[in-house]
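Chains, contacts and geometry: an overview
One-letter residues, chain by chain:
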Amino acid sequence: MKQKRKQTQWLLIFIGIVFITIMLVLPLATVLVYALRQGWNAFYGAINDDYTKMALSLTLKTTIVVVMINTLFGIFASWAVTKYRFRIKHILTTLIDIPFSISPIIAGLVFILVFGRIGWAYPFLEKFDISIVFATPGVHIVTIFVTFPFVFRELVPIMTAQGSDEESAAALMGAGWIRIFRKITFPHIKWGLLYGMILCTARALGEFGAVSVVSGHLRGKTVTLPLHVEILFNEFKITSAFAVSSILVIIAVIILIMRNIVEYRVKKEER
Amino acid sequence: MAKSILFFKKKKGNIIPGFGLSMGITITMLSLIVLIPLFSIIITLSDTTLEDFWQIISDEQTIAAYKVSLTCAGIAAAVNFIFGILLAWILTRYQFPMKRFVDGLIELPFALPTAVAGISLTTLYSDKGWIGSIFSKWDIKISYTKTGITIAMIFIGIPFVVRSIQPVLEKLDLQYEEAAEVMGASRFCIFRRIVLPEILPAALAGFGLAFARSIGEYGSVVFIAGNIPYETQITPLIIMNKLEQFNYSAATSIALVMLIFAFIILFSINLLQSLISRIANG
Amino acid sequence: MKKNYRLANKAIATIILFTTVLGTFSGCLKQNSSKNASVVTITNVSYDPTRELYEDYNKLFQEYWEKEKGQKIEIIQSHGGSGKQARAVIEGNEADVVTLALEGDINEIQNAGLIDKDWVKELPDDSSPYTSTIVFLVRKGNPKNIKDWDDIVKPGIEVITPDPKSSGGARWNFLAAWAYADKINNGDEGKNKEFLKALYSNVTVLDSGARGSTTTFVENGQGDVLLAWENEAHLSLKEHPGKFEIITPSLSILAQPSVTVVDEYAKRHKTVEVAKAYLEYLYSDEAQRLAGRNYYRPSNSEILKEFSDTFNLEVELVNINDHFGGWTKATEKFFADGAIFDQIYKK
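Residues numbered from 1 in each chain as written. Chains lettered and ligands numbered in written order. Predicted model: local features only at pLDDT ≥ 70, side-chain atom pairs only at ≥ 80, totals over all residues.

Considerations on the overall build of chain B
Counting its regular elements, chain B contains 13 helices and zero strands. Counting across all 282 residues of chain B, residues that qualify as buried make up 54%. (Helix = DSSP H or I, 4+ residues; strand = E, 2+ residues; numbered from the N terminus. Buried ≥ 20, exposed ≤ 12 C-beta atoms within 10 Å, placed from the backbone.)

Next comes the structure, spelled out in structure tokens:
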């Protein structure tokens, strides 16, 4: 019995590892092989370029803004959707999911249709000399858009599974909203929240399509790291392109390691 | 405030405070970031007649592209559904070497710029690449075929299912499973009767999101698709072609169709999800 | 007591919302970064891959302008697909000058009311200071013995070329093939269509952009021949020395990337004078040589001759205006929805 169980366990692990290797490890290896095929000097040169640095700083700034806003939204929205029963809940949930399913091109285009020269808000913006698209705010907003549901999506299943009995009990005893959230809900959802934030960060770092529509590709101003990769690629500099994209991979890996450390520490404390 | 809107009025029998507040913030942000911008699609379409609209969206080549996008995305999401459950399971329940590494890789498809992902996958699966060359011995082509499109879509969808299930599995109380085991239930039976109902809503949500993301994805799929009309052209490419001709109304028309597809899929999954959790909670 | 709590909640919510909204939009106000009044900034919206050309040219022009006018200028570059870049300018990307791959793309900007009419006549040689053409890139030693357009329509030859519907630059490829077919068929359009049908049925991968096609051909080893812009073919040779060869067909098309000032935006930025000078200086001898070194054919025929080692000057080049009646007509006839390109693929 016990041995059979061990067998299934290793079989499942084996299948999982094979899938991961084919779908994720090999593409990653391809990126690194390309990045390094002209040697370390070429790699270092591509990374140590002024435009690469500017693109990196824009990408990091954007990611921070985006993750903050979407975390805030995710907490409120998932609370609203799971702790109460109300009409059209499904429509609301689906509307929040919409940004996932929109082609990045269209995601960018809708903001052009609002804030661009052909958009309906343009006369107003022009009056006050505000530019949103083809400037950094546009980059921020579309990234918020494409990563909008991430935190929400992670929180909903957990909150659903947890139910609202504990909260109701606390409310009966007269606890306020913030207190209930802090003392009861938050401990349940914190790992989901972390997952959501990580997903959101990863997606915000790598978003290309939508940003490319609204950025205008102004070098050193509105070019994010993924756009910079695309530009290098189009300039027939495939090695540099892959070298720069390995920065993104490295950032992602650092974030994931940080997550693991936090998780490990907190779980240890809880014991 | 949102409280005054009849639609959002909460049903009786709930005493948790903070409804108006959380709903208010949700609706406001949703409107600002999603709804108002999306509404501009409809504004743009307002000067297109219904006839023109129909003609654009029912063009033969476009319909062929819908088919390609939907079938490939459906298969990819199904693959992710199965492997997502498997991966989430082994990552939460088992210990094995390199587990942290595997866990960390899951988000990679998001962090890699889509163009880079697309180029790497194409290289890997073309008949000269590491994996493609193995298959080409049996005369199976992967890059530049529908199989290739499906593989790219699996790639971008991996994190959704895994990361939806993982937190739920981690929270799942082991004692029910242990109790069932003591009572002599088989492992498979335990999984099917106890674990699966708990994770199914999350897994379905992951499925829906992976599917929805796949039909919209452009950057990573376009390199591995051969883009031959009627065969391997995906819908986002058709939108791109319309834009290249400066035809905004045609582009937004097709975008609207895709939006409706996605809405229907996500909506039915949301319904299904709450149905399951209602059954599970009695 | 309870009421107070609720009030507090609402207050917090309002504050959070305002911060979020303000936070998002605070960066929106244009920073009037007039740190130094003597520095003028202009934006050049261009297509790929002209970056190296303009990186060198910008230095050249900055020196020239400072010497002439004693004024420092900063030039912001933007590169992307030609059609996409044109669209961005129409949608509000405030470029002072555009240097794009197709006259047709600039015409769209003109139709949007941003550029004065007859911009083509404002600069010499149809406002194209450098040109290029469509050539064949084949594998080393030319194993399939491809010499001319006839050879690539033969059954069994695999051709790689981008989709003219999604890549503006790829339209030149299509038109070059059409011009050749037109010559051998003496203008019989039915036969021309057959020729192109044969050509495109040999196409195994129809990438969405020129760069994608090059990757497919060069990195992934697909196909026997790549239809490419001459300058891009040279860049591939440079990146992979000794692996490929350039074959120039007997007849090809004169691809004329066009440049012009975006009048509306330049007026708003008060940069008309410098923007004009920026483009005019592209015709100077130094700039022409720079274009040649970056594998673009200089429009100055004297300087073009200096580069006879790089370029095959024997090829017969047809001009889009003379042969196809200009971009607008060509687009309608070949690339609009349901036009000849779509018909070729219709079953």
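A short note on the interface of chain B and chain C
Facing the 25 residues of chain B at the interface are 25 residues of chain C. Secondary-structure elements contributing two or more residues to the side of chain B that touches chain C are α1 (19–45), α6 (114–125), α11 (219–224) and α12 (235–244) of chain B. The class makeup of the residues in the side of chain B that touches chain C is 13 nonpolar, ten polar and two charged. (Contact = placed C-beta atoms within 7 Å. Nonpolar A, V, L, I, M, F, W, Y, C, P; charged D, E, K, R; others polar.)

Some remarks on the sheet that holds strand β10 (residues 258–261) of chain C
Residues and elements named next belong to chain C. Pairing in this open sheet of four strands is mixed, and the strands run β2-β1-β3-β10 from one edge to the other. Every other strand in the sheet has two partners, leaving β2 (72–80) and β10 as the edge strands with one partner each. Within this sheet the neighbouring strands show an average axis-to-axis angle of 15°, counted without direction. Pairing geometry for strand β1 (residues 39–47) and β2, over nine bridges, is parallel. Across the sheet, V40 pairs through a bridge with I73, a residue of β2. Packed on one face of the sheet, helix α12 (residues 272–280) meets β1, β2, β3 (97–100) and β10 and runs near 160° to β10. (Pairing = 2+ DSSP bridges. Axes fitted to C-alpha atoms, helices over the stretch in contact; angles between N-to-C directions.)

Regarding the domain arrangement of chain C
Residues and elements named next belong to chain C. Per the domain assignment, the segments of chain C are domain 1 (39–128 + 256–306) and domain 2 (132–255 + 315–345). Mapped by element, the contributors of at least two residues to the side of domain 1 that touches domain 2 are α3 (82–90) and α4 (103–111). Tallying contributions element by element places α4 first for the side of domain 1 that touches domain 2, with four residues. A breakdown of the residues in the side of domain 1 that touches domain 2 according to their chemical character gives six nonpolar, seven polar and four charged. (Domains from an automatic or database assignment.)

With respect to the pairing of strand β4 (residues 130–139) of chain C
All names here are of chain C. For β4, a buried count of nine out of ten residues is recorded, marking the element as mostly surrounded by other parts of the structure. Pairing of β4 with strand β11 (residues 297–298) involves two bridges; the strand directions are antiparallel. Among the inter-strand pairings, Y130 is bridged to a residue of β11, identified as P298. Judged from the two bridges that link them, β4 and strand β9 (residues 251–255) form a sheet pairing that is antiparallel. Among the inter-strand pairings, S132 is bridged to a residue of β9, identified as A255. Pairing of β4 with strand β7 (residues 225–229) involves five bridges; the strand directions are antiparallel. Counted as the bridge partner of L137 is L226 from β7. Summarising the sheet, β4 and strand β8 (residues 244–247) pair through four bridges and their orientation is antiparallel.

Section: unusual backbone geometry
The backbone of B:N227 shows a phi angle near 60°, a positive value even though the residue is not glycine. Take B:N227: it is sitting in the loop between α11 and α12. Residue class for B:N227 comes out buried when judged on the 25 C-beta atoms lying within 10 Å of it. Of note in this structure, C:N186 is not a glycine but carries a positive phi near 50°. Among the structural elements, C:N186 can be located in the loop between α7 (170–184) and α8 (189–201).

As for the environment of A:K53
Mapped onto the elements, A:K53 comes out in helix α3 (residues 50–83). Linking A:K53 and A:L36, residues 17 residues apart in sequence, is a C-alpha distance of 19 Å.

Side note on the domain arrangement of chain B
Interface extent is often summarised as the accessible area lost during association of the parts. Taken domain by domain, chain B consists of domain 1 (7–46) and domain 2 (50–280). Using C-alpha coordinates to define each centre, domain 1 of chain B is positioned 28 Å away from domain 2 of chain B.

Overview of the interface of chain A and chain B
Of the residues lining the interface, 93 residues belong to chain A; the matching set on chain B comes to 91 residues. Here the side of chain A that touches chain B gets 19 residues from one element, more than from any other, and that element is helix α1 (residues 2–36) of chain A. Here the residues of the side of chain A that touches chain B sort into 63 nonpolar, 20 polar and ten charged.

Structural notes on the packing of α3(A) against helix α10 (residues 177–206) of chain A
All names here are of chain A. Where α3 meets α10, the closest approach of the two axes is 9 Å, and the angle between their N-to-C directions is 145°. In the packing of α3 onto α10, the handedness of the crossing is right-handed. Seen from α3, the contacting residues are T59, T62, T63, V66, V67, N70, T71 and G74; seen from α10, they are G196, M197, C200, T201, A204 and L205. Across the contact of α3 with α10, the residue classes tally to six nonpolar, eight polar and no charged. (Left-handed = near helix turned anticlockwise from the far one by under 90°.)

Points about helix α8 (residues 146–171) of chain B
All names here are of chain B. With 26 residues, α8 ought to run about 38 Å at 1.5 Å a step, and its terminal C-alpha atoms sit 39 Å apart, in line with that. Its axis deflected by about 45° at G157, α8 carries its strongest bend there, up to four residues before the proline P159. The buried fraction of α8 amounts to 21 of the 26 residues, a majority that puts the element mostly inside the structure. (Expected span 1.5 Å × (residues − 1). Bend = angle between axes of the 7 residues up to and from the residue.)

Quick look at the confidence of the model for chain C
Residue and element names in this part refer to chain C. In this model, chain C carries a mean pLDDT of 87, and residues with pLDDT of at least 70 account for 89%. Of all helices and strands in chain C, the one with the weakest mean pLDDT is helix α1 (residues 2–26) (54), whereas β11 scores best (95). Here residues 26–36 is modelled with pLDDT under 50, and outside its nearest four sequence neighbours on either side it reaches ten contacts, counting other chains as well. (pLDDT = per-residue confidence, 0-100.)

A look at the packing of helix α8 (residues 150–162) of chain A against α8(B)
It is at 9 Å that the axes of α8(A) and α8(B) come closest, and there the two elements cross at 30°. The angle between α8(A) and α8(B) places the two elements in the roughly parallel class. Where α8(A) crosses over α8(B), the two elements pack in a sense that is right-handed. Within the contact between the two elements, α8(A) uses A:E154, A:P157, A:I158 and A:A161 and α8(B) uses B:R163, B:S164, B:P167, B:V168 and B:K171. In the contact of α8(A) with α8(B), the residues fall into five nonpolar, one polar and three charged. (Parallel < 35°, antiparallel > 145°, perpendicular 65-115°, else oblique.)

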